[in-house]
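Observations on the three-dimensional arrangement
Each chain, written out:
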Amino acid sequence: MPRIVILGAGFGGLFAAKKLAGVDAEVTVVDRHNYHLFQPLLYQVATAGLPPSDIAWPIRSILSRQKNTTVLLDEVIDIDVAQHQVMLKNDTLDFDFLIVATGSTHSYFGHQNWQTIAPGLKSIDDATHIRRRILTAFEKAEMTDNDDERGRLMRFVIVGGGPTGVELAGTIAELAHRTLAADFRRIDPRSATVTLLEAGPRLLSYLDASLSDYARRSLGKLGVEVRLATPVTDCDEDGVTIDGDRIESATVIWAAGVAASPAGRWLDEETDNAGRVIVRPDLSVTGDPDIFVIGDSALIKNRDGTIVPGIAPAAKQQGRFVADLIIKRISKRAAPQAFRYRHAGHLATIGRKSAVIEFPRFKMKGWLAWWLWGIAHIYFLVGVPSPLVVSIRWLWEYITYGRGARLITGVEQAD
Ligand SMILES: Cc1cc2nc3c(=O)[nH]c(=O)nc-3n(C[C@H](O)[C@H](O)[C@H](O)COP(=O)(O)OP(=O)(O)OC[C@H]3O[C@@H](n4cnc5c(N)ncnc54)[C@H](O)[C@@H]3O)c2cc1C
């Protein structure tokens, strides 16, 4: 029986695995986490809007009905292409077909030491860490008599004006200016400052300029200070340096760069600057037609020469495509030659009242776009357990300006 190994149970890996349900093959899914994570809502966990269990589900339970599929909690260390073997921390797996879907991580553009100072948002641990940092800053500000220190604690800096930076900035501003407004006695959380730094000339650079401009103005209305063309040149425990200027801040969050997983190194394949493996039109690697790289770890172009974006729908489509291709090869039917990406649009939310959406043929902004964004995400959630519960909780948070998951957990609690 053919052995199909899938590395990573994110959007790409999970959708490949689901498509392989019932196929006459031994399917093994490996992930270093025991959960599948809905990353588009991570910022809600980081800003205390949703608990982690609303956006992550055990991979084992999602795939429990698939009798041909085994789930292993382990970490990929290397791949032996010639021997068709995957080296895990605790095991070695033989395969006939391999799907590498290990996603991406943050890039600090060579400043790895900034990682502990300015955490990025990629996993549940990152989100709860950022939530702890934000909430602890308010608690410490309530305790101090030193004005300078209070100012540093109540200034929040987000580096990077992509969708995650915009979402975080808007939501932190709402948290400070609305949700926490009545909770403290010595400080006024409404006086907190949220600064969004972007190295380029505009926010959400992949969108039409009018939508970027709208996002900047909407953030301004929420009280976010947006600084464009402002690259960070240094980052330390007390804040950031920009162009010789200083911003003192106890909470700096990194939303600036993405680097692919080490798939290129494991497979000894050519990559681009971001570490994405340059795959063939059918998503296989140049060295072996039975090894595929998909999602954020892969670089593939559309027919018009544009790059398929690193977003969830692209990873899902690639997962399904490769699974289908493998099914056809196993059953000796003609397999598709080239992956074709169907782009449904780009969306980003700005706080709870507005969003921007760019569809292939038209664009939208404002509160209607926000609702459409919400509906699109509920639709995204279909296929994972309890989408209705998450949707109802969202709606409740929206109506009440609540932040239901305002818990400080972990080490900084004891500081
Ligand atoms: C904060 C944030 C917000 C986002 N918002 C949106 C959005 O609104 N809309 C949208 O379309 N896209 C969004 N994205 C992008 C989207 O989440 C990614 O494009 C998508 O997850 C890529 O899917 P993937 O399968 O390639 O990787 P992932 O979904 O990242 O999955 C990779 C999996 O591989 C596992 N893994 C990694 N390395 C190893 C290893 N060595 N061993 C074992 N397992 C490993 C990981 O644990 C993970 O489960 C967002 C991303 C982030 C970080």
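A word on the packing of helix 1 (residues 11–19) against helix 9 (residues 312–330). For the pair helix 1 and helix 9, the least separation of the axes is 7 Å and the interaxial angle reads 35°. The handedness of the crossing between helix 1 and helix 9 is right-handed. Here helix 1 contributes Phe11, Gly12, Phe15, Ala16 and Lys19 to the contact with helix 9, which in turn contributes Ala312, Ala315, Lys316, Gly319, Arg320, Ala323, Asp324 and Ile327. Per-class residue counts for the contact of helix 1 with helix 9 are seven nonpolar, two polar and four charged.

As a further point, take the sheet that holds strand 15 (residues 239–242). An order of 14-15-16 is seen for the three strands of this open sheet, with the pairing classed as antiparallel. A single partner strand is all that each edge strand has here, and the edge strands are strand 14 (232–236) and strand 16 (245–248). The mean angle between the axes of side-by-side strands here comes to 20°, regardless of whether they run parallel or antiparallel. Examined bridge by bridge, strand 14 and strand 15 share four bridges and lie antiparallel to one another. Within strand 15, the residue paired with aspartate 236 across the bridge is glycine 239.

Turning our eyes to something else, we now look at unusual backbone geometry. Despite not being glycine, aspartate 243 has its phi angle at roughly 50°, a positive value. Locating aspartate 243 in the fold gives a position in the loop between strand 15 and strand 16. In this structure aspartate 243 comes out as exposed when scored by relative accessible area, which is 67%. With a phi angle near 60°, lysine 332 is a residue other than glycine that sits in the positive phi range. Relative to the helices and strands, lysine 332 is located in the loop between helix 9 and strand 23 (346–350).

Bringing the site of the ligand into the picture now. The environment of the ligand is made up of 28 residues, and the closest members are Gly12, Asp31, Gln39, Val76 and Asp296. Interatomic distance of 2.8 Å between a backbone N/O atom of glycine 12 and an oxygen atom of the ligand. In this structure, an oxygen atom belonging to the ligand sits 3.4 Å away from a main-chain N or O atom of isoleucine 311. Look at the ligand: alone it shows 990 Å² of surface, and the protein chains cover 90% of it.

Evaluation of the coordinates by the stated rule reveals 20 salt bridges. The salt bridge partner of arginine 152 is glutamate 149, with a shortest N-O separation of 3.0 Å. Of this pair, arginine 152 and glutamate 149 both sit in helix 5 (residues 147–153), three residues apart, which is roughly one turn of the helix. Residue classification places arginine 152 among the buried residues on the basis of a relative accessible area of 16%.

The next thing to look at is the pairing of strand 11 (residues 155–159). Within strand 11, four of the five residues are buried, which leaves the element mostly enclosed by the surrounding structure. Taken together, the five bridges between strand 11 and strand 12 (residues 193–197) define a ladder with parallel strand orientation. Its bridge partner lying in strand 12, phenylalanine 156 is registered against valine 194. Considered for its hand, the β-α-β crossover made up of strand 11, helix 6 (residues 163–179) and strand 12 is right-handed. Where strand 11 lies against strand 17 (residues 251–254), four bridges are found, and the strand directions are parallel. Each residue of the ladder has a partner; that of phenylalanine 156, found in strand 17, is threonine 251.

Cut-offs used in this document
- Residues numbered from 1 in each chain as written.
- Predicted model: local features only at pLDDT ≥ 70, side-chain atom pairs only at ≥ 80, totals over all residues.
- Heavy atoms only, no water.
- Axes fitted to C-alpha atoms, helices over the stretch in contact; angles between N-to-C directions.
- Helix = DSSP H or I, 4+ residues; strand = E, 2+ residues; numbered from the N terminus.
- Left-handed = near helix turned anticlockwise from the far one by under 90°.
- Contact = heavy atoms within 4.5 Å.
- Nonpolar A, V, L, I, M, F, W, Y, C, P; charged D, E, K, R; others polar.
- Pairing = 2+ DSSP bridges.
- Buried < 20%, exposed > 50% of the residue type's maximum accessible area, 1.4 Å probe, protein only.
- Near = heavy atom within 4 Å.
- Polar contact = N/O pair within 3.5 Å; in protein donor to acceptor, adjacent residues only side chain to side chain.
- Areas by Shrake-Rupley, 256 points an atom, 1.4 Å probe, with all protein chains shown as cover.
- Salt bridge = Lys/Arg side-chain N within 4 Å of Asp/Glu carboxyl O.
- Right-handed = clockwise from strand over helix to strand, strands pointing away.

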